[in-house]
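Chains, contacts and geometry: an overview
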Amino acid sequence: MKSEHAHTHAPAEDTATEVFVAHRNLLFTVAYEMLGSAADAEDVLQETWLKWAGVDLDAVRDRRAYLVRITTRQALSRLRTLGRRKESYVGEWLPEPLLTAPDVAEDVELADSVSMAMMLVLETLAPTERAVFVLREVFDLGYDEIAEAVGKSAAAVRQIAHRAREHVAARRPRGSVSPAETRHALDAFQRATETGDLQGLLDILAPDVVFVGDGGGVKQAILRPVVGAEKVGRLLAAGLGRIAAEGWSLGPALVNGHPALTLRVDGGIDTVVAVRMDEGRITGFYAVRNPEKLTHMQRETRLSRAGG
């Protein structure tokens with residue numbers, strides 16, 4: 001009897017697993033864009049799997065939509081917890097950087113949506129606004145689908161989407177920036193460390209450039225953003241001098257779909273430096289040093305807007 005029982009259930013379990021695995025990269029991307037934390041996104045995927053494993057697949061019409069709905073609900077609930085954690089965070093909170101494969105950079109819309117600059121813009125949205133914006137603008141879900149995921153009417157979701165779009169448009173980088181422009185800026189950064197000549201780097205700083213560091217209270221980092229080309233220039237001069245004196249190494253990496261730099265000390269990653277570019281100049285430096293946030297820099301993370 002037992003073997004017959006096991007036999008009838010095994011294919012359904014396999015199917016549930018296969019469907020989940022086929023959508024895994026998409027679901028991780030949804031959760032990460034909503035949370036800015038890869039560790040929390042992984043937890044959301046665990047919770048999604050546990051709920052999905054108990055679902056009667058025959059009753060599910062659109063498996064992708066159903067999985068995205070579970071993931072969104074779990075991520076929304078975690079986003080509120082994360083908000084409380086950020087309130088007690090030491091210094092500035094930056095999104096967790098991800099080492100990404102070249103295919104992320106090739107999907108320009110996906111790369112823009114996960115860039116460090118855009119993730120920081122998403123941080124300024126309320127939780128439901130963020131969910132609606134991500135599902136609509138990045139993953140192109142219909143208003144009815146989003147309404148089910150966030151527990152609002154389709155009409156309310158339309159209004160939220162409109163408000164979120166305007167909010168993001170006012171804060172996102174102006175004009176798209178080519179990877180070549182970003183690489184050029186990072187090359188100037190690297191040259192400055194190697195030669196001690198800061199001028200090339202200062203030439204491409206925007207007057208209102210902002211430097212944000214995230215040490216999480218674990219590693220030394222500036223506790224508040226430094227604003228203005230002159231102040232940021234002084235900060236960089238001190239930092240670059242230290243890198244040169246202590247024999248640390250800077251190298252290129254593809255982070256969140258965009259060129260970035262990694263600072264290595266004794267072979268291990270100490271800091272990830274991402275930049276925001278606007279009209280050919282650097283308007284933002286983001287230096288993540290908190291070791292808890294650097295675990296996803298060890299191997300490539302697969303991000304995707306497709307699934308199934």
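See the structure above.
Presented here is a report on the structure given in the accompanying data block.

Details of the side chain of Gln 74
By the secondary structure assignment, Gln 74 is in helix 3 (residues 63-87). Classification of Gln 74 by relative accessible area gives buried; the value is 14%. Setting aside residues up to four positions removed in sequence, Gln 74 forms contacts with Val 44, Glu 47, Thr 48 and Lys 51.

A closer look at the sheet that holds strand 5 (residues 268-278)
Strand pairing in a sheet takes place through backbone hydrogen bonds and is either antiparallel or parallel in direction. If you walk across this open sheet you meet the six strands as 2-1-6-5-4-3, and the pairing is mixed. Edge strands, defined here as strands with exactly one partner in the open sheet, are strand 2 (226-227) and strand 3 (249-255). Judged from the two bridges that link them, strand 1 (residues 205-214) and strand 2 form a sheet pairing that is antiparallel. Considered in strand 2, the bridge of Val 210 is made with Val 227. Packed on one face of the sheet, helix 10 (residues 179-195) meets strand 3, strand 4 (258-265), strand 5 and strand 6 (281-288) and runs near 25° to strand 4. Against the sheet, helix 12 (residues 229-246) makes contact with strand 1, strand 2, strand 4 and strand 6, and its axis sits at roughly 50° relative to strand 1, the strand it touches most.

What to know about the pattern of salt bridges
Taken as a whole and judged by the stated rule, the model has 20 salt bridges. Between Arg 130 and Glu 123 there is a salt bridge, and its shortest N-O distance comes to 2.8 Å. The partner of Glu 129 in a salt bridge is Arg 163, with the nearest N and O atoms 3.1 Å apart. Of this pair, Glu 129 sits in helix 7 (residues 127-138) while Arg 163 sits in helix 9 (residues 154-171); the two residues are 34 residues apart in sequence, bridging distant segments of the chain. The buried category is assigned to Glu 129, whose relative accessible area is 14%. Of the residues examined, Arg 163 reaches a relative accessible area of 44% and is grouped as partly exposed. Several salt bridges converge on common partners, so that one network encompasses Asp 40, Asp 43, Glu 47, Arg 78 and Arg 85.

Quick notes on the environment of Gly 216
Along the chain, Gly 216 falls in the loop between strand 1 and strand 2. In this structure the C-alpha to C-alpha distance between Gly 216 and Lys 293, which are 77 residues apart in sequence, comes to 9.0 Å. Once residues lying within four places of it in the same chain are set aside, the contact partners of Gly 216 are Tyr 89, Val 90 and Asn 290.

Remarks on the packing of helix 2 (residues 38-53) against helix 3
Interaxial distance between helix 2 and helix 3 falls to 9 Å at its minimum, and their mutual angle equals 135°. By the criterion of interaxial angle, the relationship of helix 2 to helix 3 is oblique. In terms of crossing hand, the pair formed by helix 2 and helix 3 is right-handed. Across the interface between the two elements, Asp 40, Asp 43, Val 44, Glu 47, Thr 48, Lys 51 and Trp 52 of helix 2 pack against Arg 63, Tyr 66, Leu 67, Ile 70, Thr 71, Gln 74, Ala 75, Arg 78, Leu 82 and Arg 85 of helix 3. Grouping the constituent residues of the contact of helix 2 with helix 3 by class yields seven nonpolar, three polar and seven charged.

Cut-offs and rules
Residues numbered from 1 in each chain as written. Predicted model: local features only at pLDDT ≥ 70, side-chain atom pairs only at ≥ 80, totals over all residues. Heavy atoms only, no water. Helix = DSSP H or I, 4+ residues; strand = E, 2+ residues; numbered from the N terminus. Buried < 20%, exposed > 50% of the residue type's maximum accessible area, 1.4 Å probe, protein only. Contact = heavy atoms within 4.5 Å. Pairing = 2+ DSSP bridges. Axes fitted to C-alpha atoms, helices over the stretch in contact; angles between N-to-C directions. Salt bridge = Lys/Arg side-chain N within 4 Å of Asp/Glu carboxyl O. Parallel < 35°, antiparallel > 145°, perpendicular 65-115°, else oblique. Left-handed = near helix turned anticlockwise from the far one by under 90°. Nonpolar A, V, L, I, M, F, W, Y, C, P; charged D, E, K, R; others polar.

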